[in-house]
Every structure is written in structure tokens, then in C-alpha cells.
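# Geometric and topological summary
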Amino acid sequence: MTDQREKGTRGSTVGRIEAALMDDIATGLLRPGERLDEVKLTERFGVSRTPIREALTRLTAQAILVPGEKRGVRVAEYSREELAQIFEAMHEIEATCARIAAQRLSLLSRSEIEAAQSKCIAAAETGDMHAYLRANEAFHQTIYRATGNPYIAEIASDFRRRTGPFRAKKFASKDDLIASAKSHEALIASIFSEDSKAASDGMRAHMTESFLRTLEVN
């Protein structure tokens, strides 16, 4: 019983570390190519190196991190061509999520999307980039959940994690944040119309703008 409890505690600790690092990567706090220091991570999370290494191994298995020099790991980097290929796939998944969300839109999904958008606007108006990036990720997650399909949601989430550090670079000022938050309005309207084609087209337009801005700064 004790062994099982210890394993469960360690597993939850590893999961917590993994989730925190994924959040840092998705919101650009950890940049492409940046090396992760095990010693600093143990100090940050107040744990030994064992759960840190397990969390890093999990993220490396997902290709979010890649092996670096001297047995270390770093945040994955992509060439412009690779980034374009990832965004091409991401466009299709995001458009599918919007299409299905429009078809299956419930009152709960509608309220979650509206609440997430309110947080985006609030963060943008304060000029807090990291708060906005987290709110923006949460906004897209509400659309994924609105599909009612956890498998599609997980694929979409994976693409957002991979591209997070690259997309974060496009936000250089408070005006950039406000413009991004406002761009959600047309997308929300297309999903709330419950017209699946309009929702798909709306997401494609939203993602195309995001991709072009991302390429400009990477």
C-alpha cells in the first residue's frame, strides 16, 4: 500500500511539472532552442532530480523537447519550412474543431467560449503579455472541448504546444494583444452561427493571419 501511494504521489508530481513546463513552452516563457537546467528546475519545483528527469523524458517523447548537448534537453526548434508544414496541418485540425464545435454547440460551450474571450480582453487591456498568452491558449481549448471529441482536442492541443514559442514572438506590444483579442470576435460569431462551413472558414482566416504574423518574426 505504501509503495502504491509513493508511486501515485510521484506520478502526480511528475504530471504537475510536465504541465507547468508545457504551459511555459506554449506561452513562450521557454523559447525555441532554450536549454532546460535540471538544477534550476529542482529549485523551482522543490523536488529531487528524479521527477524532473521523468517529466523531461515525457516531453522529449512528445518531441516538445529534444536532446541537447551533454545529455541535456532543449525546447524544439523548427526551420521556416518545418514551421510552415506544422501550421498547414494545424490549420486543418483547427478548422475541423471549429466546424464540429458549431455543429454541436451547447449552452455550456457557448458560455465557456464567452468567458474565455472575456479573460482574453481583460488581459490584453492590461498589456500583460504572459497573462494574455495563457488566456489565448485557454480560449482555443474551449473550442476544442466544444467538439465533444477528446481525441481531436488532444491533436489540436499538441499542435498548439509545438507552435507556442513561435506564435508568442508576434506579440510585441499592448496593441498587438488587443488586436489579437479583437480578432476572436469574428471567429466566435462564425461558431455561434452554428453554420459549420462559416465556422471552418472563420478559423481558417484566423489561423492564416496568425501564421503569416508568426513567419514574419521567426
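All residue numbers here refer to positions counted from 1 along the written sequence of the relevant chain. In view of the model being predicted, local features appear only for residues whose pLDDT reaches at least 70, and side-chain atom pairs are presented and counted only at 80 or more, with totals across whole chains, interfaces and linings using the full set of residues. Computation of side-chain values covers all heavy atoms of the structure but excludes hydrogens and water.

The subject of this paragraph is the nonpolar core. Counting residues in each nonpolar core, the largest one holds 42 residues, and the members touching the most others are Tyr132, Phe139, Ile143 and Ile191. Segments assigned H or I by DSSP are reported as helices when at least four residues long, segments assigned E as strands when at least two residues long, and all are numbered from the N terminus. Put simply, the parts of the chain that give this core at least two residues each are helix H4 (80–103), helix H5 (107–126), helix H6 (129–146), helix H7 (150–168), helix H8 (174–192) and helix H9 (196–217). Residues count as neighbours in contact if any of their non-hydrogen atoms are within 4.5 Å of one another. Those residues in contact with Ile191 that sit more than four places away from it in its chain are Ala98, Ala101, Ala102, Leu105, Ile143 and Ala199. By size, the runner-up hydrophobic cluster in this structure holds 18 residues, among which are Ile17, Phe45, Ile52 and Ala55. To qualify as a nonpolar core, a set must consist of buried Ala, Val, Leu, Ile, Met, Phe, Trp, Tyr and Cys residues joined through side-chain atoms within 4.5 Å. Any residue under 20% of the maximum accessible area for its type is buried, any over 50% is exposed, and the rest in between are partly exposed; the area is computed with a 1.4 Å probe on protein chains only.

Below, the discussion takes up the packing of H5 against H8. For the pair H5 and H8, interaxial distance at closest approach is 8 Å and the crossing angle is 165°. Put simply, H5 runs roughly antiparallel to H8. Seen along the crossing, H5 lies across H8 with a hand that is left-handed. Every residue of H8 that contacts H5 at Arg110, Ile113, Glu114, Gln117, Cys120, Ile121, Ala124 and Glu125 is listed here: Lys174, Leu177, Ile178, Ala181, His184, Glu185, Ile188 and Phe192. Amino acids are sorted into nonpolar (Ala, Val, Leu, Ile, Met, Phe, Trp, Tyr, Cys and Pro), charged (Asp, Glu, Lys and Arg) and polar (every other residue, Gly among them). Among the residues making up the contact of H5 with H8, the classes are represented as nine nonpolar, two polar and five charged. Axes, fitted as lines to C-alpha atoms, cover a helix only where it is in contact. Angles between the N-to-C directions of the axes lie from 0 to 180 degrees. Any angle that is under 35 degrees is reported as roughly parallel, and any over 145 degrees as roughly antiparallel; angles of 65 to 115 degrees are reported as roughly perpendicular and all others as oblique. Each crossing gets its hand from how the near helix is turned against the far one by less than a right angle, where anticlockwise is left-handed and clockwise is right-handed.

Once that is clear, we can look at the confidence of the model for the protein. Each residue gets a pLDDT score, which is the predictor's confidence in that residue and runs from 0 to 100. On average, residues of the protein carry a pLDDT of 91, and 95% of them reach 70 or more. For the protein, helix H1 (residues 2–26) is the element with the lowest average pLDDT, namely 74, and H5 is the one with the highest, namely 97.

Attention shifts here to helix H2 (residues 38–45). For H2, the set of buried residues is Leu41, Thr42 and Phe45. On an axial view of H2, the arc spanned by its buried residues comes to 100°, and they lie on one face. For H2, the exposed residues lying more than 90 degrees away from the buried face are Lys40 and Glu43. Here a polar contact is taken to be a pair of N or O atoms separated by no more than 3.5 Å, where protein atoms must pair a possible hydrogen donor with a possible acceptor and residues adjacent in sequence count only if both atoms sit in side chains. Where H2 begins, one side-chain oxygen reaches toward the backbone nitrogen of Val39, 2.8 Å away; that side chain belongs to Asp37. Note on H2: the residue one or two positions beyond its end, Gly46, has a positive phi of about 65°. The arc in question is traced by the directions running from the helix axis to the C-beta atoms.

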